Structure formats: C-alpha cells, structure tokens
Amino acid sequence: MVQCENRSFQVFETCTNGHSSDISLTYAKTFAQPAPIVDFTWYPGASRHNLPSYCFVATVRECPMKLLDGKDGRLRASYPIVDHRERYIAPHSVAFNLTADKLYCGFEDAIEIFDVQRPGEGDRLQTTPSKKSKDGLKGIISTLAFSLSPEYYAAGSLTPASPASDNICLFNESALGPVLSIGGVSGLEKGGVTQLMFSPTHPHMLYASFRRSEKIWGWDLRGDASSPLCCLSSAGESNVPTEKDLTNQKTKFDIESTGKWLAAGNQMGKITMYDLGFKGEDGEGSGGEVREIRPTLSYEAHGDTIGAVAFHPLQPVLLSVSGSRHFDDDDDQGASSALEDSDSDSSDDWDLDAEDRSVVPGPAGVRRLRRPPQPSVRDASISMWEFGEPEGT
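Quick notes on the rules
Residues numbered from 1 in each chain as written. Predicted model: local features only at pLDDT ≥ 70, side-chain atom pairs only at ≥ 80, totals over all residues. Heavy atoms only, no water. Pairing = 2+ DSSP bridges. Helix = DSSP H or I, 4+ residues; strand = E, 2+ residues; numbered from the N terminus. Contact = heavy atoms within 4.5 Å. Phe/Tyr/Trp six-rings, centres within 6.5 Å; stacked < 30°, edge-to-face > 60°. Lys NZ or Arg CZ within 6 Å of the ring centre and 35° of its normal. Salt bridge = Lys/Arg side-chain N within 4 Å of Asp/Glu carboxyl O. Buried < 20%, exposed > 50% of the residue type's maximum accessible area, 1.4 Å probe, protein only. 1 Å grid on protein atoms, 1.4 Å probe; cavity = no way out; pocket = protein on both sides within 12 Å on 5 of 7 lines; lining within 4 Å. Points joined across faces, edges and corners; volume = space filled by probe spheres on them. Core = buried A, V, L, I, M, F, W, Y, C linked by side-chain atoms within 4.5 Å.

Trainee: I'm lost on the sheet that holds strand S1 (residues 2-3) in this one. Help?
Mentor: Whenever strands of a sheet pair, they do so through backbone hydrogen bonds, lying parallel or antiparallel. Spatially, 3 strands are ordered S1-S2-S3 in an open sheet, and the strand pairing comes out antiparallel. One side of each edge strand has no neighbouring strand; the edge strands of this open sheet are S1 and strand S3 (23-32). As paired elements, strand S2 (residues 8-16) and S3 share 9 bridges and run antiparallel to each other. Residue pairing in the sheet places Glu-13 in a bridge with Thr-26 of S3.

In structure tokens, the structure reads:
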C-alpha cells in the first residue's frame, strides 16, 4: 500500500510467477480519502488470502481514525480522538501492540490507546506532566515502535533533543509513564525523531532516524541508554546531500527479518545497505564509544527522494518508493511574469466565475495570481530490487 499526495491510498498486489522466485507488482485499486493522509499501518499479519485480517488503520486530517477493509476500502470501525475544542485529532503515528488487541496513537504530548475490539473512545496517556514542565516526552509523538520483548515500546518526538531533555523514551504497556529515557544525540542531531525500529532478532537494539539527517543511530538498551552504541552513516559517499540541502520530508528505513541488513534511502535517490552483524549486538556494550558503520552496498535507485524502503518478509526482495514536491525556477519565473500592470480597469474583465480566474485584481491596478505555483514531480515511482545469488540489483 502506498500513501499518495492526492489524498488517496494505492494498493499493489505481488505474485510469484510459477516456480520462479521472480515477483511481479500489479496495481490493484485506489482508496480516496476526504482530506490529507497523516499516517497508516496494516493490521499485523494482514493478507488478502485471510479476509478478516485484511485491513489497515488510517489517520486522515480532521477525521476520526479509521479501520478500513483492505479489499474494498469500506469502514469497519472508527476510533475518535477529540481535543478540548471538540475537533478530531489525526495522530501523527499509529502502531499495534504485539498481540494486536491494542492500538497506540501518538499526537501532541500524549498517546491515545484503543481497544481494537471495542471502537469508540480510548485511554489517554500524557507523555509530559504539563506543557511548562521539563519532564517527560514533549512535543508531537511522531513515531511508535514495539519490541519483541513483552510489553515494551518506544516513542519519539519531533521536538529536538536538548541537554535538559531527550526526545526518545521507552514505555511499558502496564506503566503510566516512561520507564527509560534514551538519549545522547543532543548536539549531534538538530531535528526531531522521524522513525524508530527495534531489531526483529535482537529486541534490545533500537534504531532511530532524525529529520534533516542522513544518519541512523542505534542503542543497546541492555546497557547505558544515555549514549548510542553505533551510528550508521554514509558521509563521504558520492551523491550525498549537504546539510544545507537536506529535506524536511520524512523518510523510512527498514530491517530485514533476520536482523542482519538495514536499508535506507536518501533524497538523492540512492539506497544504502548496512550490515548490522557487528559484535555490539551479540556481546557487551560499546564502553562509551560510538561505533560508526559504513554502507556495505550503495546504488542509484530513483531520480528523486526515496520516501520509504521495505523488505519482503520471506524473500530477498526490497521495495522502494520515490517522490517529493519541487518548486522549480521556471515556476517562480512564471509567477513573476504574472505580476504585471493593468492598463485597463474594466470591470467586465473581473465578472468571470471566481473558479475560472487565474488572476485577481490587486492594489494600484496590479494583477496577482489567485493560486500559488503548484509543485512539480520529478520521479514518483515504485521499484523492486532482488538480492539473490550470485548478486542482485
């Protein structure tokens, strides 16, 4: 499933050709939404071959959270989050717990917890005592991740870390607040957390990416969580954006099912693969030294920002999607040329329907554009990459 800019979900189906390991990707359907989409997640174990489980949760701006059928997009259940003005809140992050009976939703200074089997209002967990307090996890809860260790999950905030407070915390499902603060990136990362993910085979290893950063940091939660264990960095590689050119767009990495490989894409259309099988995961901590991990494989994949990558759960296949908004110089010049003096002030020129007018009258007879320049798209595409024997691309 792909979250699109035009307020819709597009579903693609995969199939294997006979006894071959080749996988093809086919467009299946589109589910249009009434407002911009904030986040979504599949129900754990969802499969089109098991229709009761074939559903997903979607958060749409100014709408209750929806549990939608993956086959036809019909509404199965809704889970509203309402603020003090009685407006619907669309959470910025959603995640099911390991038993798939609870749904966790992150928004500003709070996490809403729903019973999946009982649609309606949920229970609110405040991540900070108050807005003025320096304790707890402050700001928008942008990402949630559950560990294979029972009852533990991590939450990250879009508020940058500071010497006084961290922006990643470990929670226990049965606790009323955070049980462990995870930090050590204050001064190293200027942006908030965009994604958290536990290793599927080493549940004590937590990885995090940050806004406007090409680095991914890893912590061993068995030891001192106040300092990262490792840093996955592609600095020094070719075709890497500078700090000035980094985008605010949220990008997502993924770890394959054996926990050995981590894949990430950048805004230059490049995919990097990191080998996580280092001693720190199976042995003791780093002793205070942050280990730098360099890419094992790096290749050009798209002509635009890679928004997300995802491994196939059973086969050595990686899926990548690209696309972002660009305001080219040509568009800016077009906007400038539209700002011209109006020699005639005939009212007949402005009796057209408001929806059909491209310009409207301004002060001193100057015409201006009614609508701002629209962004252009360079490469909005989906690609599949096979990593088989002897080598794959």
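Trainee: What's the story with the sheet that holds strand S21 (residues 261-265) in this structure? I'm lost.
Mentor: Taken together, 4 strands build an open sheet; the order of strands is S20-S21-S22-S24 and the sheet is antiparallel. With partners counted over all chains shown, the strands left at the sheet margins are strand S20 (254-255) and strand S24 (297-300), one partner each. Pairing of S21 with strand S22 (residues 270-275), which is carried by 5 bridges, proceeds in the antiparallel orientation. Among the inter-strand pairings, Gly-265 is bridged to a residue of S22, identified as Ile-271.

Trainee: What am I meant to see in the environment of Thr-41 here?
Mentor: Considering the arrangement of structural elements, one finds Thr-41 in strand S4 (residues 37-42). On a C-alpha basis, the gap between Thr-41 and Ala-58 in space is 6.8 Å, while along the polypeptide they are 17 residues apart. Leave out the neighbours within four places in its chain, and Thr-41 touches Phe-56, Val-57, Val-94 and Phe-96.

Trainee: What's the story with the packing of aromatic side chains in this structure? I'm lost.
Mentor: Two measures describe an aromatic ring pair: the distance that separates the ring centres and the angle between the ring planes. Taken as a whole and judged by the stated rule, the model has 14 aromatic pairs. Counting every residue linked through ring pairs, the aromatic cluster contains Phe-9, Phe-31, Phe-40, Trp-42, Tyr-54 and Phe-56. Between Lys-260 and the ring centre of Trp-261, over which it is positioned, the NZ or CZ distance is 5.2 Å.

Trainee: Looking at this model, I keep getting lost on the pattern of salt bridges. Mind explaining?
Mentor: Once the charged atoms of two side chains with opposite charge are near each other, the side chains can pair. All told, the structure shown has 12 salt bridges when counted by the stated rule. Taking the shortest distance from any N to any O, the salt bridge between Lys-29 and Glu-13 comes out at 4.0 Å. Residue Lys-29 is located in strand S3, and its partner Glu-13 is located in strand S2; the two are separated by 16 residues in the primary sequence. The closest approach of N and O atoms between Lys-252 and Asp-39, which form a salt bridge, is 3.9 Å. Of this pair, Lys-252 sits in the loop between strand S19 (230-232) and S20 while Asp-39 is found in strand S4, placing the two residues 213 residues apart along the sequence. The class of Lys-252 is partly exposed, set by a relative accessible area of 36%. Under the relative-accessibility criterion, Asp-39 is labelled buried at 9%. Overlapping salt bridges, with partners in common, bring together Asp-69, Asp-72, Arg-74 and Arg-76 in one network.

Trainee: Hey, could you run me through empty space enclosed by the protein in this one?
Mentor: Space left empty within the atom packing is revealed by a probe, the size of a water molecule, rolled over the atoms. Applying the stated criterion across every chain, the model contains 1 cavity of 30 Å³ or more. Empty space within the largest cavity amounts to approximately 280 Å³. If you list the elements that add at least two residues to the lining of the largest cavity, you get strand S16 (193-198), strand S17 (205-210), S21 and S22. At 3 residues, S22 tops the list of elements feeding residues into the lining of the largest cavity.

Trainee: Would you take a moment to explain the nonpolar core for this structure?
Mentor: Soluble, globular proteins show a tendency: their nonpolar side chains are buried together. Counting residues in each nonpolar core, the largest one holds 18 residues, and the members touching the most others are Ile-168, Ile-182, Leu-196, Leu-206, Phe-210, Trp-219 and Leu-221. Going through the elements one at a time, strand S14 (168-172), S16, S17 and strand S18 (216-220) are the ones with two or more residues in this core. Leu-196 has contacts with Thr-143, Ala-145, Ala-154, Ala-155, Gly-156, Ile-168, Leu-206, Tyr-207 and Ala-208, leaving out every residue within four places of it along the chain. Counting 16 residues, the second-largest nonpolar core is a separate cluster that includes Cys-55, Ala-77, Val-94 and Val-116.

Coordinates in, geometry out; function isn't part of it.
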